[in-house]
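# Reading the structure
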Amino acid sequence: MVGLGDNNNNSGSKPKDNKKNKKKKRGGSKRKMTAEQTSAFKSVTEWVYLDRPNSSSSSSTAALSSWVVDDFGVQKSLGRGMEKVVFELHSHSKHSDGFLSPTKLVERAHGRGVKVLALTDHDTMSGISEAVETARRFGIKIIPGVEISTIFSPRNPEMEEPVHILAYYSSCGPMRYEELEKLLANIREGRYLRAKDMVLKLNKLKLPLKWEHVAKIAGKGVAPGRLHVARAMVEAGYVENLKQAFARYLYDGGPAYSTGSEPLAEEAVRLICETGGLAVLAHPWALKNPIPILRQLKDAGLHGMEVYRSDGRLAAFSDLADTYGLLKLGGSDYHGKGGNGESELGSVNLPVLVLHEFLKVARPIWCGAIKDILESYAKEPSDLNLARIARFSRMGSFKGSSPLSCGKDWIDQCLLSWLTAEERQNADFEAIRLKLSLASVDLGGVQVPIETK
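Residues numbered from 1 in each chain as written. Predicted model: local features only at pLDDT ≥ 70, side-chain atom pairs only at ≥ 80, totals over all residues. Heavy atoms only, no water.

This next bit is on the side chain of asparagine 385. Position of asparagine 385 among the secondary structure elements: in helix α14 (residues 383–389). Note on asparagine 385: relative accessible area 7%, which makes it buried. For asparagine 385, the side chain forms a polar contact with the main-chain oxygen of serine 376, separated by 3.3 Å. A polar atom in the side chain of asparagine 385 sits 2.7 Å from the side chain of arginine 388. Excluding residues that lie within four positions of it along the chain, asparagine 385 makes contacts with Ser376, Tyr377 and Glu380. (Helix = DSSP H or I, 4+ residues; strand = E, 2+ residues; numbered from the N terminus. Buried < 20%, exposed > 50% of the residue type's maximum accessible area, 1.4 Å probe, protein only. Polar contact = N/O pair within 3.5 Å; in protein donor to acceptor, adjacent residues only side chain to side chain. Contact = heavy atoms within 4.5 Å.)

What follows is about the nonpolar core. Core analysis: the biggest nonpolar cluster contains 81 residues, and Phe87, Tyr168 and Phe358 have the highest contact counts within it. The greatest single-element share of this core, amounting to seven residues, is contributed by helix α13 (residues 352–379). Residues in contact with tyrosine 168, not counting those within four places in the same chain, are Leu89, Ala118, Thr120, Ile143, Pro144, Gly276, Gly277, Leu278, Val280, Phe358 and Trp366. Formed by 21 residues, the second largest nonpolar core is a distinct cluster that contains Cys172, Ile370, Ile389 and Ile411. (Core = buried A, V, L, I, M, F, W, Y, C linked by side-chain atoms within 4.5 Å.)

What follows covers the environment of methionine 125. For methionine 125, the position within the fold is in the loop between β5 (114–119) and α5 (128–138). Along the backbone, methionine 125 and proline 144 are 19 residues apart, and their C-alpha atoms lie at a distance of 7.5 Å.

Applying the stated rule across the entire model yields 15 salt bridges. Ionic pairing is found between arginine 176 and glutamate 179, a salt bridge with its closest N-O pair at 2.9 Å. For arginine 176, a relative accessible area of 39% translates into the label partly exposed. Classification of glutamate 179 as partly exposed rests on a relative accessible area of 37%. Residue glutamate 178 pairs with arginine 388 through a salt bridge whose shortest N-O separation is 3.4 Å. With glutamate 178 in helix α6 (residues 177–204) and arginine 388 in helix α14, this residue pair connects regions lying 210 residues apart in the sequence. Three or more residues joined by partner-sharing salt bridges are found here, namely Lys104, Glu107 and Arg137. (Salt bridge = Lys/Arg side-chain N within 4 Å of Asp/Glu carboxyl O.)

Right, let's get into the confidence of the model for the protein chain. On average, residues of the protein chain score 83 in pLDDT, and 81% of them reach the 70 mark or higher. For the stretch residues 1–25, pLDDT sits under 50, and the model shows 24 contacts to residues farther than four places along the chain or on other chains. pLDDT under 50 marks residues 395–405. Its contacts with residues more than four places away, or in other chains, come to 27 contacts. (pLDDT = per-residue confidence, 0-100.)

If you want it as structure tokens, here you go:
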């Protein structure tokens, strides 16, 4: 296993004090934040608690002076009233191959102290709205996300391999959502064909697994994946556990492995960028040849890669991120399987400066996407365009006979929870608000201003 961060012991000598060595690996001593860390933490918490500007968790100068970090720059909690800001950037629900509903996932995240949760189901964003609605009860911020199944296909066919790309979007989701959804729908359709082919291959291997069994485990409307096939194998008694199913039959290139209709990895990265998302390479340690993949995806617009896991920062991949100028991120990849082999929600400790860099890159991209979606509504204030803004909104359902009846006021509320004061004062957003104040809709041949409807 690759060691933790800069604490690798390369001398080959045996540590003299095992207890001290273990303590150091866990983060070692606590120390006050540096000025840089304090500034970064203030910026991060400002964004996290936009919905609760008067929250006791917001970062006053006095409160910030009391915070400490460990040797790795990870924020440490100091008791009651001092909430640790935990980001979970990789999780799955029953809308793909997770075991929990979005509601149960958010409830569990809350129990684990998570303040920001990215739901990144495989090839679908259908669980986001439920997650957002549940998160309202717990004061959790949801980052709408998706983990896109792709293929890296260089000229040498022997180097072809599956690659997963995480996409993180603003609170109102992707620009040109229909274009992204078309790509995801094609992948999901291919997942059905792929799963059926895996069942067929297992049957030829004298394992008479039933397709109906796999489909039932996946659930209505969920495109089945390898994990669903593996669960069916366990339930049918063909393997002892999920790990054995993958190790014997379902691993990449295994006897029952099958590919679907995945797009090229670089095409997916470009589309994520074009639709206002942040593109991040998932679990690069699972790749056979990460370097050519990183080189090609960086050229396509890749923003970051997973480097942190629950067992720490992987130094080799951290070095690769530095080489290609990529953000260093990470998440638990939680599925809710249970057992000792799975990392828990919120178990990946991301340093304060890492969170700040993530938002420093993401927020201008997300602001651009929000601006684009709002401009479409300002140009054509229709129910359809307002619904695009509200796709993943946590402002609740529309009141009145038409969404337009609360258009401008509702958008003002959205901006308060989506953007910082500095971002809202941007000239582009001021121009959009002016357009909205002058916009009108046709009601029975009469032009009525949105504000007075």
